[in-house]
Amino acid sequence: MNEAEFKTRLQELSVQQMKLDQERKVRNFRELNKIAKKGAILFTGSSLMELFPICEIAQSRGVDKLIYNRGIGGFTTDDFLREIDTVLLDLAPSKVFINIGTNDMSERKYGPDWIDRLMTNYEKILTILKEKLPKTEVYMLAWYPANLHLPWQTPESIQWMQSRTVENIAECNRRAEALAGEMGFHFINCNAGITDEKGEQKQEFAIDGVHMWANAYFSVFDALKEYL
């Protein structure tokens, strides 16, 4: 096995492991949903939501609300649609805060029309939500800024996030905000405190250029607290 084949095999194993982790999380959430209280507040989506320590931060900020988190790392909009009962509908929340689609931001995976594909799937998710839970208040969170220029990054380490440019994320957020308006939902941009002068994710918050440390979520929370 040469070096290229070895790297390909490692990538395949990584994808397989991620899928196994996702299946485990979905199964665990199904069990937890059996005892979860209806009408609570729900945060759901992909890793950007899974990493949000919403319950700890809310309590530290004096918000005494029942909040569930059903974010699953690596989830695409396809995955979310497939498991929408588990990660959303079964909980019948009074309010839902959703951040899904960052893993669809990949020209390498989905081709040059990835934005159209992402927004089509997002609309499908929101349509199902509106039909199944018409009384639920829906808050669509803007996708967070990324950073492709961190000192510890290498060309190899950022290959998977190449489409997350300032321009592309801005366009995605513009279209998501328009979609929210069309459907009568709320769109919340919580990015001011985590964005640098170049429009990128601030270095002190960055794990890899997409995912963020917990300190970033303090700023995100303060921007959305009024909606809780």
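This structure is a prediction, so every number in the text was calculated from the model and none was measured. (Residues numbered from 1 in each chain as written. Predicted model: local features only at pLDDT ≥ 70, side-chain atom pairs only at ≥ 80, totals over all residues. Heavy atoms only, no water.)

Asks: Mind showing me how you'd approach helix α8 (residues 166–183) here?
Replies: In a regular helix each residue adds 1.5 Å, so 18 residues correspond to 26 Å; α8 covers 26 Å between its end C-alpha atoms and thus fits that length. Along α8, the residues classified as buried are Ile 169, Cys 172, Asn 173, Ala 176, Leu 179, Ala 180 and Met 183. Each buried residue of α8 lies within a common arc of 125 degrees when the element is viewed along its axis, so the set occupies one face. Among the exposed residues of α8, those oriented more than 90 degrees off its buried face are Glu 167, Gly 181 and Glu 182. Buried residues along α8 sit against α7 (114–132), β4 (137–141) and β5 (186–188). (Helix = DSSP H or I, 4+ residues; strand = E, 2+ residues; numbered from the N terminus. Expected span 1.5 Å × (residues − 1). Buried < 20%, exposed > 50% of the residue type's maximum accessible area, 1.4 Å probe, protein only. Arc of directions from axis to C-beta. Contact = heavy atoms within 4.5 Å.)

Asks: Would you mind going over the packing of α7 against α8 with me for this structure?
Replies: Each pair of packed helices can be summarised by the angle the axes make with each other and by the distance between the axes. Direction vectors running N to C along α7 and α8 enclose 30 degrees, while the axes themselves pass 11 Å from each other. Considering their axes alone, α7 and α8 lie roughly parallel with respect to each other. At the point where α7 passes α8, the crossing takes the right-handed sense. For the pair α7 and α8, contact is made by Trp 114, Ile 115, Asp 116, Leu 118, Met 119, Tyr 122, Glu 123, Leu 126, Thr 127 and Lys 130 and by Asn 168, Glu 171, Cys 172, Arg 175, Ala 176, Leu 179 and Met 183, respectively. Its residues assigned to classes, the contact of α7 with α8 comprises ten nonpolar, two polar and five charged. (Axes fitted to C-alpha atoms, helices over the stretch in contact; angles between N-to-C directions. Parallel < 35°, antiparallel > 145°, perpendicular 65-115°, else oblique. Left-handed = near helix turned anticlockwise from the far one by under 90°. Nonpolar A, V, L, I, M, F, W, Y, C, P; charged D, E, K, R; others polar.)

Asks: Sorry, what's going on with the sheet that holds strand β3 (residues 95–99) here?
Replies: Strands belonging to one sheet form pairs held by backbone hydrogen bonds; the direction of such a pair is parallel or antiparallel. The strand order across the open sheet built from five strands is β2-β1-β3-β4-β5, with neighbouring strands paired in parallel fashion. Pairing within the sheet leaves two strands with one partner each, and these edge strands are β2 (67–71) and β5. Averaged over all adjacent pairs, the angle separating strand axes in this sheet is 20 degrees, with direction ignored. Of the pairings in the sheet, the one linking strand β1 (residues 41–45) to β3 comprises five bridges and is parallel in character. Looking across to β3, one finds that Phe 43 is bridged to Phe 97. Taken strand by strand, α7 contacts β3 and β4, and its axis lies near 165 degrees from that of β4. (Pairing = 2+ DSSP bridges.)

Asks: Just checking my understanding: could you explain the environment of Ile 72 for this structure?
Replies: Summarising the element assignment, Ile 72 is placed in the loop between β2 and α4 (77–82). Along the backbone, Ile 72 and Gln 201 are 129 residues apart, and their C-alpha atoms lie at a distance of 21 Å. Residues in contact with Ile 72, not counting those within four places in the same chain, are Gln 22, Lys 25, Val 26, Phe 29, Gly 45, Ser 46, Ser 47, Glu 50 and Val 87.

Asks: Whenever I open this one, the side chain of Glu 83 confuses me. Can you help?
Replies: Tracing the backbone through its elements, the reader meets Glu 83 in the loop between α4 and α5 (84–87). Residue Glu 83 is classed as buried on the basis of its relative accessible area, which comes to 13%.

Asks: How should the pattern of salt bridges be read in this particular structure?
Replies: Side chains bearing opposite charge may pair, as long as their charged atoms lie close to each other. What the rule picks out here adds up to eleven salt bridges. Residues Asp 222 and Arg 61 are paired through a salt bridge, measuring 3.1 Å at the closest nitrogen-oxygen approach. Taken together, the residues span a long stretch of sequence, with Asp 222 in helix α9 (residues 214–224) and Arg 61 in the loop between α3 (54–60) and β2 at a distance of 161 residues. Of the residues examined, Asp 222 reaches a relative accessible area of 47% and is grouped as partly exposed. The network of salt bridges with common partners includes Lys 19, Arg 30, Asp 79, Arg 82 and Glu 83. (Salt bridge = Lys/Arg side-chain N within 4 Å of Asp/Glu carboxyl O.)

Just geometry here; none of it tells us what the structure is for.
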